[in-house]
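Residue strings, one per chain:
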Amino acid sequence: MSEDLLVQIYNAFDPKRPLEPDSPFYVTCHDVRGQENIINEVGKNIVLSDQPTYQLYTGHRG
């Protein structure tokens, strides 16, 4: 792939502008992500454990 093409592709997307749901580039992740409440899921791991736990949560659902 040429460097010119990579520059064009890189600059074609604006990370500050979200995709519209009907965009052909939009990918719904509900099937792999699930619908569980992350706060309840992480909280359950912390509360039920007899030992210290380490939880890492990054990103967001939206």
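As shown above, the structure is provided for reference.
Structural notes, computed from the coordinates. As the structure is a prediction and not an experimental result, all values here were calculated from the model.

Cut-offs and rules
- Residues numbered from 1 in each chain as written.
- Predicted model: local features only at pLDDT ≥ 70, side-chain atom pairs only at ≥ 80, totals over all residues.
- Heavy atoms only, no water.
- Helix = DSSP H or I, 4+ residues; strand = E, 2+ residues; numbered from the N terminus.
- Rg over C-alpha atoms; globule rule 2.2 N^0.38 Å.
- Areas by Shrake-Rupley, 256 points an atom, 1.4 Å probe, with all protein chains shown as cover.
- Patch = residues over 30% accessible without salt bridge, like charges linked within 9 Å, V, L, I, M, F, W, Y side chains within 5 Å.
- Salt bridge = Lys/Arg side-chain N within 4 Å of Asp/Glu carboxyl O.
- Buried < 20%, exposed > 50% of the residue type's maximum accessible area, 1.4 Å probe, protein only.
- Phe/Tyr/Trp six-rings, centres within 6.5 Å; stacked < 30°, edge-to-face > 60°.
- 1 Å grid on protein atoms, 1.4 Å probe; cavity = no way out; pocket = protein on both sides within 12 Å on 5 of 7 lines; lining within 4 Å.
- Points joined across faces, edges and corners; volume = space filled by probe spheres on them.
- Nonpolar A, V, L, I, M, F, W, Y, C, P; charged D, E, K, R; others polar.

Description of the overall build of the protein
At step 1: Assigned secondary structure in the protein consists of 3 helices and 0 strands.
At step 2: Helices and strands in the protein line up, N terminus first, as α-α-α.
At step 3: Its C-alpha atoms give the protein a radius of gyration of 19 Å, more than 25% over the compact-globule value 11 Å for 62 residues.
At step 4: Taken over the C-alpha atoms alone, the protein extends approximately 55 × 25 × 20 Å along its principal axes.
At step 5: As displayed, the protein has an accessible area near 6,400 Å², and 57% of this comes from carbon and sulfur atoms.

Focus on a nonpolar patch on the surface
At step 1: A contiguous nonpolar surface patch, about 840 Å² in accessible area, is contributed by Met1, Leu5, Leu6, Ile9, Phe13, Leu19, Phe25 and Tyr26.
At step 2: Within the element layout of this structure, Met1 appears in the segment before α1 (3-11).

So, the environment of Pro24
At step 1: With respect to the helices and strands, Pro24 occurs in the loop between α1 and α2 (30-33).
At step 2: Pro24 sits in the exposed class, given a relative accessible area of 75%.

What to know about the packing of aromatic side chains
At step 1: One pass over the full model with this rule turns up 1 aromatic pair.
At step 2: Their ring planes at 85° and their centres at 5.8 Å tell us that Phe13 and Phe25 sit as a pair that is edge-to-face. Placement of the pair is Phe13 in the loop between α1 and α2 and Phe25 in the loop between α1 and α2, with a sequence separation of 12 residues.
At step 3: Residue classification places Phe25 among the exposed positions, given a relative accessible area of 54%.

Structural notes on the layout of surface pockets
A water-sized probe rolled over the atoms picks out the places where empty space is left.
At step 1: As a volume, the largest pocket reaches approximately 180 Å³.
At step 2: Lining of the largest pocket is provided by Ala12, Phe13, Asp14, Arg17, Pro18, Leu19, Glu20 and Phe25.
At step 3: Taken together, the residues that form the lining of the largest pocket break down as 5 nonpolar, no polar and 3 charged.

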